[in-house]
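Close look at the chain arrangement
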Amino acid sequence: SAQMMLEFIAPDRARLDPDALNLYESDFDARTARIGEFEITGATVYWDPSTGRKKSDGSVCVLVYRDDKTRKIFIHDAMYLVVSDEELHPLATQCETVLEFMLQHTIRRIYIETNGIGNALPEIMRNVATQHNVTINIQKITNHQNKETRILDAIEPVLASGRLYAHRRIQSTPLVAEMLGWAPMGCVGHDDGLDAVAGAICATPIPIRPIGRNISIFSANTKFKI
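Two elements in contact, helix α1 (residues 90–104) and helix α2 (residues 121–131), have axes separated by 9 Å at closest approach and are oriented at 60°. Here α2 runs oblique to α1, going by the angle between their axes. Considering how the two elements wind past one another, α1 and α2 form a crossing that is right-handed. Judged by residue contacts, L91, A92, C95, E96, V98, L99 and M102 of α1 engage L121, I124, M125, V128, A129 and Q131 from α2. Tallied by class, residues from the contact of α1 with α2 come to 11 nonpolar, one polar and one charged.

Moving on: empty space enclosed by the protein. In this structure the tally under the stated criterion is one cavity of 30 Å³ or more. Of the volumes computed, that of the largest cavity is approximately 40 Å³. Considered class by class, the residues forming the lining of the largest cavity number eight nonpolar, no polar and no charged.

What follows covers the sheet that holds strand β4 (residues 38–39). Reading across from one edge, β2-β3-β4 is the order of the three strands in this open sheet, with antiparallel pairing throughout. Whereas interior strands pair on both sides, the edge strands pair on one side only; in this sheet they are β2 (28–29) and β4.

Okay, the nonpolar core next. Side chains that are nonpolar tend, in soluble globular proteins, to be buried together. With 32 residues, the main nonpolar core has W47, C61, V98, I110 and M125 as its most contacted residues. At the level of secondary structure, the elements contributing two or more residues to this core comprise β5 (42–48), β6 (59–67), β7 (72–81), α1, β8 (109–113) and α2. Of the residues forming this core, the biggest block, six residues, is contributed by α1. If we skip the residues at most four places from it in the chain, I110 touches V45, W47, C61, V98, M102, N137, I138 and Q139. Core analysis: the second largest hydrophobic core is formed by 28 residues, Y46, Y111, I151 and A200 among them.

Evaluation of the coordinates by the stated rule reveals six aromatic pairs. Aromatic side chains F28 and Y65 sit 4.6 Å apart centroid to centroid with 25° between the ring planes, which places their arrangement in the stacked category. You can see F28 sitting in strand β2 and its partner Y65 sitting in strand β6, a full 37 residues away along the chain. Its relative accessible area of 2% is what places Y65 among the buried residues. A ring pair is formed by F74 and Y165, whose centres lie 5.0 Å apart and whose planes are at 35°; its orientation type is tilted.

Bringing α1 into the picture now. Taking 1.5 Å per residue as the helical rise, α1 with its 15 residues ought to reach 21 Å, and the 21 Å between its terminal C-alpha atoms agrees with that figure. Residues of α1 that are buried include every one of P90, L91, Q94, C95, V98, L99, F101 and M102, and no others. All buried residues of α1 project into a common sector of 165° when viewed along the axis, lining one side. In α1, the exposed residues that point more than 90 degrees away from the buried face are E100 and Q104. Check the buried side of α1 and you find it contacts β5, β6, β7, β8 and α2. Where α1 terminates, the next one or two residues include T106, which has phi positive at roughly 50°.

Interaxial distance between helix α3 (residues 147–160) and helix α5 (residues 192–202) falls to 9 Å at its minimum, and their mutual angle equals 65°. In terms of crossing hand, the pair formed by α3 and α5 is left-handed. Residues K147, R150, I151, A154, I155 and V158 of α3 lie in contact with α5, whose contacting residues are D192, L194, D195, V197, A198, I201 and C202.

With that settled, consider the environment of T70. Summarising the element assignment, T70 is placed in the loop between β6 and β7. In this structure T70 comes out as partly exposed when scored by relative accessible area, which is 36%. Along the chain, T70 and R163 lie 93 residues apart, while their C-alpha atoms are 8.3 Å from each other. Polar contacts involving the side chain of T70 include one to the side chain of D67, which spans 2.8 Å.

Conventions we followed
Residues numbered from 1 in each chain as written. Predicted model: local features only at pLDDT ≥ 70, side-chain atom pairs only at ≥ 80, totals over all residues. Heavy atoms only, no water. Axes fitted to C-alpha atoms, helices over the stretch in contact; angles between N-to-C directions. Helix = DSSP H or I, 4+ residues; strand = E, 2+ residues; numbered from the N terminus. Parallel < 35°, antiparallel > 145°, perpendicular 65-115°, else oblique. Left-handed = near helix turned anticlockwise from the far one by under 90°. Contact = heavy atoms within 4.5 Å. Nonpolar A, V, L, I, M, F, W, Y, C, P; charged D, E, K, R; others polar. 1 Å grid on protein atoms, 1.4 Å probe; cavity = no way out; pocket = protein on both sides within 12 Å on 5 of 7 lines; lining within 4 Å. Points joined across faces, edges and corners; volume = space filled by probe spheres on them. Pairing = 2+ DSSP bridges. Core = buried A, V, L, I, M, F, W, Y, C linked by side-chain atoms within 4.5 Å. Buried < 20%, exposed > 50% of the residue type's maximum accessible area, 1.4 Å probe, protein only. Phe/Tyr/Trp six-rings, centres within 6.5 Å; stacked < 30°, edge-to-face > 60°. Expected span 1.5 Å × (residues − 1). Arc of directions from axis to C-beta. Polar contact = N/O pair within 3.5 Å; in protein donor to acceptor, adjacent residues only side chain to side chain.

Next comes the structure, spelled out in structure tokens:
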């Protein structure tokens, strides 16, 4: 209403209603580049990091697929990283987990927010990948825009227009609670998962194409004379 009809909407009225999410259960099929009936054209892994301590801001890594033909967005997986307070190398430990997350989804490029503590992560991530004989591509992201504005601008349009989808596994993460408690004038609790999703939506995705087709079985006609 505010953007298209030029109707005034008070900022504190805006909410990210999780009931507006379209839930799905299908996994991504790399052979056909589909999630269920939807064709996937791109994928983004985005990490909004923190120390991972229990009382710190959330450290969240998300995987978002997209269908650019229909402009649909799919929040396919979200990982909230928590490390023990006794952990001597919390960043390296998180990098190990994030690398495993990337390999699980067969994606080798990741966006990492380098504001604050994230500044050291790209080099640590490269070292961890080298130890596992894995080649990855790391894109550094430095955000200067207000977080609330970034979340609202990225998520609200696709959510309100019915184009935002989420795998049912997302319901077992804190992301739904973040949506319920979020408002642009200040949220109740954390909003780090929302920030990661917003970053993933805005980032340039990796192009996705089908890698193969169904195997077809042909029967030869042997009823002939020589």
